[in-house]
Amino acid sequence: MNQSTNLFYGLTPDLILSAMEGLGLEPTGRYIPLNSIENRVYDIELGDSSRIVVKFYRPSRWTKEQILEEHEFIEELALGEIPVLTPISIAGKTLFETQGIYFAIWPLRNGRIVEELGEAELERVGAMLGRIHSIGIRKKSNHRISLDVESYGKRSLDFILDGGWIENPNLKKRYSESALRAFQTYETTLKKYDIPFQRIHGDCHKGNLLIGKEGFSILDFDDFMMGPVIQDFWMLLPPNFHQNGVAWESFISGYQTFALFDRNWLELIEPLRAIRYVYYAAWIAKRWEDPSFPMVFPHFGTEEYWLKETTDLENKERDFEPNESNALNPDSSGGEEKELTNEDFFWDWEK
């Protein structure tokens, strides 16, 4: 463990506040840690009674170039009048460093996380996502990861298998084979419809959608990447949402006001969900030395944990083949399925 990582795990008030003072800010000493285990995020009060949010990036996760590209993308969106939070610039810079840890400062945005979306709200959210994607398609990312099998899937699977996280040989074999089938389905579907990649949010779940006096805002582009736009759909909407006629049409009509959408892309949802299972497990494993992780995920790594993960992957395979009677038909109600929550997929979500 290098020194910056060790400091990150045990960020002290002195280091946090000294970093603010080093930029000419005047913190009062009052600060509140916010819910985040991937990065370290704080609500800090300044001497003029204003408040800012400071995010210390996890060392070694993103390079300086990757973080700056995130900031540039957010600035592009803001210039397009999309309601996003842009990092605060000080002396012409939005990214700073202390003790080898990168950090950025953001305005505090008050509001509440969206629990339910009505028909009119769905259209507005769809339009906002369409506007984001209409800007995202204008140019490629030079430094961010791509949601391809090699970068997003196989590296995660290799980390789990090579690290000895699954001790039971039979379970390890089942898990590996099921994951590889999901990867193959994803690649086959991408090629089948020639599905394009572009800049997307990447972690577009309801926890990153805020509503306040000014309407909807979309937060946290920390995971922004190159990928298919459907990644931002399935993470935001409930399972089988595209089978809910009225709600789907409200959402997609708003989206298609600003961006193109091919209904065949819906076939990516289930393999993407399966790949996320693997990516998520590897994400925890890679951070296991962080003292926060064993506390948040006490059952991770047990045989019971891997049995559930393997069973979930195997069960998910049944959804890979499109059902022509309802999978791509927005007017079909489909069968009921347990609604998933933020905790099922989103690693930066705490109870």
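The present account deals with the structure reproduced in this document. (Residues numbered from 1 in each chain as written. Predicted model: local features only at pLDDT ≥ 70, side-chain atom pairs only at ≥ 80, totals over all residues. Heavy atoms only, no water.)

## Side note on the nonpolar core
Within the largest apolar cluster, 84 residues are counted, with the highest numbers of intra-cluster contacts made by Tyr175, Phe221, Phe233, Phe251, Phe261 and Trp306. Excluding residues within four positions of it along the chain, Trp306 makes contact with Ile160, Trp165, Ile166, Leu171, Tyr175, Ala281, Phe300 and Gly301. Among the nonpolar cores identified, the runner-up in size contains 18 residues, and Leu11, Ile16, Tyr42 and Ile44 belong to it. (Core = buried A, V, L, I, M, F, W, Y, C linked by side-chain atoms within 4.5 Å. Buried < 20%, exposed > 50% of the residue type's maximum accessible area, 1.4 Å probe, protein only. Contact = heavy atoms within 4.5 Å.)

## What to know about the packing of aromatic side chains
As enumerated under the stated definition, the model contains 29 aromatic pairs in all. Arranged with centres 5.5 Å apart and planes meeting at 55 degrees, the rings of Trp165 and Phe300 form a pair that is tilted. Of this pair, Trp165 sits in the loop between helix H5 (149-162) and helix H6 (169-193) while Phe300 sits in the loop between helix H10 (292-296) and helix H11 (303-316); the two residues are 135 residues apart in sequence, bridging distant segments of the chain. Centre to centre, the rings of Phe241 and Phe251 are 6.3 Å apart; their planes meet at 85 degrees, and the pair counts as edge-to-face. Of the two residues, Phe241 is situated in the loop between helix H7 (230-236) and helix H8 (245-256) and Phe251 in helix H8; the sequence distance between them amounts to 10 residues. Accessibility expressed as a relative area gives 10% for Phe241, which makes it buried. The exposure class assigned to Phe251 is buried, which follows from its relative accessible area of 0%. Members of the aromatic cluster, each reached through a chain of ring pairs, are Phe233, Phe241, Trp248, Phe251, Tyr255, Phe261 and Trp265. Sitting above the plane of the Phe159 ring, Lys286 keeps its charged end 5.6 Å from the centroid. (Phe/Tyr/Trp six-rings, centres within 6.5 Å; stacked < 30°, edge-to-face > 60°. Helix = DSSP H or I, 4+ residues; strand = E, 2+ residues; numbered from the N terminus. Lys NZ or Arg CZ within 6 Å of the ring centre and 35° of its normal.)

## Examining the pattern of salt bridges
Scanning the model with the defined rule gives 25 salt bridges in all. Glu314 is the salt-bridge partner of Arg174, the closest N and O atoms lying 2.8 Å from each other. With Arg174 in helix H6 and Glu314 in helix H11, this pair connects stretches of sequence that are 140 residues apart. Using a relative accessible area of 25% as the deciding quantity, one classes Arg174 as partly exposed. Across the pair Asp319 and Lys316 runs a salt bridge whose closest N-O atoms are separated by 3.3 Å. (Salt bridge = Lys/Arg side-chain N within 4 Å of Asp/Glu carboxyl O.)

## Some details on H6
Here H6 contains 25 residues, and its C-alpha end-to-end distance of 37 Å stays within 8% of the 36 Å for a straight helix at 1.5 Å per residue. When we look at burial in H6, the residues that qualify are Leu171, Tyr175, Ser176, Ser178, Ala179, Ala182, Phe183, Tyr186, Thr189 and Leu190. On the buried face of H6, the contacting elements are H5, helix H9 (269-286) and H11. The positive-phi residue at the C-terminal boundary of H6 is Asp194, with phi of around 50 degrees. (Expected span 1.5 Å × (residues − 1).)

## Some thoughts on the pairing of strand S5 (residues 101-107)
Taking burial as the measure, the seven residues of S5 include five buried ones, the bulk of the element. As defined by bridge partners, strand S3 (residues 51-56) adjoins S5 across five bridges and the pair is classed as antiparallel. Residue pairing in the sheet places Ile52 in a bridge with Pro107 of S5. Strand direction decides the pairing type here: strand S4 (residues 96-98) and S5, joined by three bridges, are antiparallel. Residue pairing across strands places Phe96 opposite Phe103, the latter belonging to S5. The antiparallel pairing of S4 with S5 creates a hairpin that spans two residues between the two strands, and Gln99 there sits at a positive phi of about 55 degrees. (Pairing = 2+ DSSP bridges.)

## With respect to the side chain of Asn208
Position of Asn208 among the secondary structure elements: in the loop between strand S7 (198-200) and strand S8 (209-212). Of the residues examined, Asn208 reaches a relative accessible area of 7% and is grouped as buried. Within the structure, the side chain of Asn208 is placed 3.0 Å from the backbone oxygen of Asp203, a separation counted as a polar contact. When near neighbours in sequence (up to four residues on either side) are disregarded, Asn208 contacts His201, Asp203, Ser217, Ile218, Leu219 and Asp220. (Polar contact = N/O pair within 3.5 Å; in protein donor to acceptor, adjacent residues only side chain to side chain.)

## Some points on the packing of H6 against H9
Axis angle and axis distance: for two packed helices, these are the angle between their axes and the distance between the axes, and together they describe the pair. For the pair H6 and H9, the least separation of the axes is 9 Å and the interaxial angle reads 135 degrees. Classified by the interaxial angle, the pair formed by H6 and H9 is oblique. Of the two elements, H6 crosses H9, and the hand of that crossing is left-handed. When H6 is examined against H9, the residues Tyr175, Ala179, Ala182, Phe183, Thr185 and Tyr186 are found in contact with a partner set consisting of Pro271, Leu272, Ala274, Ile275, Tyr277, Val278 and Ala281. Of the residues in the contact of H6 with H9, the class split is 12 nonpolar, one polar and no charged. (Axes fitted to C-alpha atoms, helices over the stretch in contact; angles between N-to-C directions. Parallel < 35°, antiparallel > 145°, perpendicular 65-115°, else oblique. Left-handed = near helix turned anticlockwise from the far one by under 90°. Nonpolar A, V, L, I, M, F, W, Y, C, P; charged D, E, K, R; others polar.)

## Looking at the environment of Phe216
Tracing the sequence through the fold places Phe216 in strand S9 (residues 215-218). Remark: the alpha-carbon pair of Phe216 and Glu121, spanning 95 residues in sequence, is separated by 9.1 Å. Residues contacting Phe216, with those up to four places away along its chain left out, are Pro83, Val114, Leu117, Glu121, Arg124, Val125, Met128, Leu209, Leu210 and Ile211.

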